[in-house]
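Take a look at the letters that make up each chain.
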Amino acid sequence: NDGDLEVIFADDHANVYVLDHTGSLYTAWGTNPVNVGTVTSSSPALCNIDGVGALDVIVCGHDGTDGFITALSGDDGSQIWSYTGSPPIGPVNSSPAVGDIDGDGLAEIVVGVTYLDSYNAANTGSILVLDGSSTGIEERDVVESRQVVLETNTGSIGGSTEIRYALPQGTHVELSLYSTDGRRIATLINEHQTAGSHTITWDGTDDAGLNVAAGVYFCRLSAEGLQIAEKVIRLK
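Residues numbered from 1 in each chain as written. Predicted model: local features only at pLDDT ≥ 70, side-chain atom pairs only at ≥ 80, totals over all residues. Heavy atoms only, no water.

## Description of the overall build of the protein chain
Operational definition: Note on conventions: DSSP H or I runs of at least 4 residues are helices, E runs of at least 2 residues are strands, and numbering of each starts at the N terminus. The cut-offs for exposure are 20% and 50% of the maximum accessible area for each residue type, with area from a 1.4 Å probe on protein chains only; residues under the lower value are buried, those over the upper are exposed, and the others partly exposed. Surface exposure here means Shrake-Rupley accessible area, sampled with a 1.4 Å probe, where a residue is shielded only by the protein chains that are shown.
Check the secondary structure of the protein chain and you find zero helices and 19 strands. Here the protein chain, with 236 residues, has 41% of them falling under the buried criterion. Element-wise, carbon and sulfur atoms account for 48% of the exposed surface of the protein chain, whose accessible area totals about 11700 Å².

What follows is the structure, given as structure tokens:
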């Protein structure tokens, strides 16, 4: 609030820098950048969280697996709060948006996130709304997206393939294996399933129970009006 502009940015190592109008580190934040974790993966956003003093800084990132959303005081760079979610959120790669959504005179922070399942894989995509009050995160509104996640993992040579997938809500699911020329060779799932994470193992056989030849196949998941395919390599 001195009438001069400052420049705020974060590097890949979760260091947040504030430079004054001369290009020097902003002295109110100390002689070093403020570190907020392991990796920052978004541009900082500015808002006056508590309605007084300088603009505060919101930055997002992750520690390799779990994500975080952190608020820093614009006055001195100290941490106001840091949100990691329960269940944990995955790495946050979107920049936060800020606005007074409920008209109470205080800013809310809106961020696109994914939640992690038991495999630490991205599960449900959500829009997260955080109350930016300096007293902490007082309200949270999560809106689930229609996101279906599919992962495959082939074991040792001649071994089975573990297929993991996540559903945002209960729906009919068809999970099949196809050859590279588009022929369906095996149907593993064709039924209604509940929301959440699911795991099934393909033993490398077709619908007739015969072992398929070595080569490349595609696992296709059809659910929620979407079709997602992952490559599966069958080894001998």
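Don't stop here, the text continues.
## A word on unusual backbone geometry
Located in the positive-phi region is Ala-14, a residue other than glycine, with phi close to 70°. Secondary-structure assignment places Ala-14 in the loop between strand 1 (7–10) and strand 2 (15–19).

## Some remarks on the sheet that holds strand 15 (residues 171–179)
Defined as follows: At least two DSSP bridges between two strands are needed for those strands to be called paired. The axes are straight lines fitted to the C-alpha atoms, using for helices just the contacting stretch, and the angles between their N-to-C directions are given from 0 to 180°.
Spatially, 16-15-18-19 is the arrangement adopted by the four strands of the open sheet, whose pairing is antiparallel. The open sheet has two edge strands with one neighbour each: strand 16 (184–193) and strand 19 (226–234). In this sheet, neighbouring strand axes are inclined to one another by 15° on average, regardless of whether the strands run parallel or antiparallel. Note that strand 15 and strand 18 (residues 215–223) share six bridges and pair antiparallel. Paired with Ser-176 across the bridge in strand 18 is Arg-220.

## Concerning the pattern of salt bridges
What counts, and what does not: Throughout this description, the term salt bridge denotes a Lys or Arg side-chain nitrogen within 4 Å of a carboxyl oxygen of Asp or Glu.
Taken as a whole and assessed by the stated rule, the structure comprises three salt bridges. When the shortest N-O distance is used, the salt bridge between Glu-174 and Arg-184 registers 2.9 Å. Separated by 10 residues along the polypeptide, Glu-174 in strand 15 and Arg-184 in strand 16 bring together distant segments of the chain. Residue classification places Arg-184 among the partly exposed positions, given a relative accessible area of 47%.

## Some details on empty space enclosed by the protein
Worth spelling out the cut-off: Two kinds of site are reported from a 1 Å grid over the protein atoms alone, namely cavities, where a 1.4 Å probe fits but cannot get out, and pockets, open sets with protein on both sides within 12 Å along at least five of seven lines, and residues are called lining when an atom falls within 4 Å of a point. Grid points are joined across faces, edges and corners, and a volume is the space filled by probe spheres set on the points. Three residue categories are used. Nonpolar comprises Ala, Val, Leu, Ile, Met, Phe, Trp, Tyr, Cys and Pro, charged comprises Asp, Glu, Lys and Arg, and polar comprises the others, including Gly.
If you walk through the whole model with that rule in mind, you get two cavities of 30 Å³ or more. The volume enclosed by the second largest cavity comes to roughly 50 Å³. Lining of the second largest cavity is provided by Val-16, Tyr-17, Val-18, Leu-25, Tyr-26, Trp-29, Gly-30, Asn-32, Pro-33 and Val-34. A total of three residues in the lining of the second largest cavity trace back to one element, the largest contributor, which is strand 2. A per-class count over the lining of the second largest cavity returns eight nonpolar, two polar and no charged.

## Examining the packing of aromatic side chains
As a reminder, the rule being used: Side-chain rings of Phe, Tyr and Trp, where Trp is taken by its six-membered ring, are said to pair if the distance between their centres is within 6.5 Å; with planes under 30 degrees apart they count as stacked, over 60 as edge-to-face, and otherwise as tilted.
Within this structure, the stated rule accounts for two aromatic pairs. Relative to Tyr-17, the ring of Phe-9 lies with its centre 4.9 Å away and its plane at 10°, an arrangement referred to as stacked. Its relative accessible area of 34% is what places Phe-9 among the partly exposed residues. Plain terms: the ring middles of Trp-202 and Tyr-217 are 6.0 Å apart, the flat faces sit at 70° to each other, and that makes the pair edge-to-face.

## Description of a nonpolar patch on the surface
Quick note on the threshold: Each patch is built from residues that are more than 30% exposed by relative accessible area and take part in no salt bridge. Like charges join if they lie within 9 Å; nonpolar side chains (Val, Leu, Ile, Met, Phe, Trp, Tyr) join within 5 Å.
On the surface, Val-216, Phe-218, Ile-233 and Leu-235 cluster together into a nonpolar patch covering about 290 Å² of accessible area. Relative to the assigned elements, Phe-218 resides in strand 18. By relative accessible area, which is 31% here, Phe-218 ends up partly exposed.

## Points about the pairing of strand 16
Where strand 15 and strand 16 come together, eight bridges link them in antiparallel fashion. Residue pairing for strand 16: Glu-174 is matched across the bridge by Asn-190. With antiparallel pairing between neighbouring strands as the criterion, strand 15 and strand 16 make up a hairpin whose turn holds four residues, including Gly-182 at a positive phi of roughly 90°.

The values are spatial; any link to function lies outside them.
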